[in-house]
Amino acid sequence: MMATNVRGRTGTRSTNRDYGHSSWGTTSRKTNTGNRKRTTSNWSGPPRYRGVWYDFNTKISSYRTLVNQTKGTARYTRPTPQMLNTFANWVNKGAVIQTCTPQQVAKWARNYNVNFNTRNPTTTSCKNVLHKYFGKSVIKAVARTKTGSFMVATSPTWKGKNFNFPK
């Protein structure tokens with residue numbers, strides 16, 4: 001172990017060459033200065049596999065979201081098995097499953113003057129708001145989750161960047 005100072009942080013870090021397994025996460029080097037910068041992902045393999053890793057990671061996350069709907073207690077009505085199969089087919093085609101709360105949807109509805117009732121939200125009204133806010137090409141399907149949120153099958157990219165719902 002060796003004491004290291006990286007951008008004002010001090011601590012111990014292993015000196016063996018087991019890349020990607022430091023106590024601070026993955027680091028990468030700038031080519032000109034040699035200064036280390038911290039990256040936000042947990043990627044630790046060869047650069048040419050990063051895109052494949054990202055695709056697999058998003059698919060795994062999407063399937064986990066679907067699996068979570070099938071087990072445990074439910075506060076609201078669960079999605080039907082047919083609906084879960086439909087969402088799994090969207091994931092097979094490359095879509096990403098994300099969730100959003102009715103409060104988030106209500107905030108987006110206010111921005112576009114679309115009617116959305118937070119006391120009795122429906123999947124149709126949620127889909128209308130999301131189509132208005134993000135476009136029809138991004139939003140593939142909407143269903144209610146067992147916790148009362150909305151499960152949305154989305155395109156993996158929007159405007160040339162990886163798509164995630166804004167907070």
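Just above, that's the structure.
Values in this document were obtained by computation on a predicted structure and should not be read as measured data. (Residues numbered from 1 in each chain as written. Predicted model: local features only at pLDDT ≥ 70, side-chain atom pairs only at ≥ 80, totals over all residues. Heavy atoms only, no water.)

Enquirer: A description of unusual backbone geometry should follow, citing residues and the corresponding values.
Expert: Phi at asparagine 113 is positive, roughly 50 degrees, even though this residue is not glycine. Summarising the element assignment, asparagine 113 is placed in the loop between helix H3 (102–112) and helix H4 (123–134). For asparagine 113, a relative accessible area of 73% corresponds to the exposed category. Positive phi values are uncommon outside glycine, yet lysine 159 reaches one of about 55 degrees. Note that lysine 159 resides in the loop between strand E8 (157–158) and strand E9 (161–162). (Helix = DSSP H or I, 4+ residues; strand = E, 2+ residues; numbered from the N terminus. Buried < 20%, exposed > 50% of the residue type's maximum accessible area, 1.4 Å probe, protein only.)

Enquirer: I'd like a rundown of the layout of surface pockets, residues and numbers included.
Expert: Of the voids in this model, the second largest pocket is the one considered here, and its volume is about 240 Å³. The wall of the second largest pocket is formed by 13 residues, among which Tyr54, Thr58, Ser61, Val96 and Asn164 lie closest to the centre. Elements with a minimum of two residues in the lining of the second largest pocket: helix H1 (50–68) and strand E5 (96–100). Looking at the lining of the second largest pocket element by element, the count peaks at six residues for H1. Here the lining of the second largest pocket is built from residues that sort into five nonpolar, eight polar and no charged. (1 Å grid on protein atoms, 1.4 Å probe; cavity = no way out; pocket = protein on both sides within 12 Å on 5 of 7 lines; lining within 4 Å. Points joined across faces, edges and corners; volume = space filled by probe spheres on them. Nonpolar A, V, L, I, M, F, W, Y, C, P; charged D, E, K, R; others polar.)

Enquirer: An account of H3 is needed here, citing residue identities and associated values.
Expert: Of all the positions in H3, only Pro102, Gln104, Val105, Ala106, Trp108 and Ala109 are classed as buried. Looking at the packing, one finds that the buried side of H3 touches E5, H4 and strand E7 (150–154). Just downstream of H3, asparagine 113 is the residue with a positive phi angle, here 50 degrees. (Contact = heavy atoms within 4.5 Å.)

Everything listed here is a matter of geometry and, on its own, says nothing about what the molecule does.
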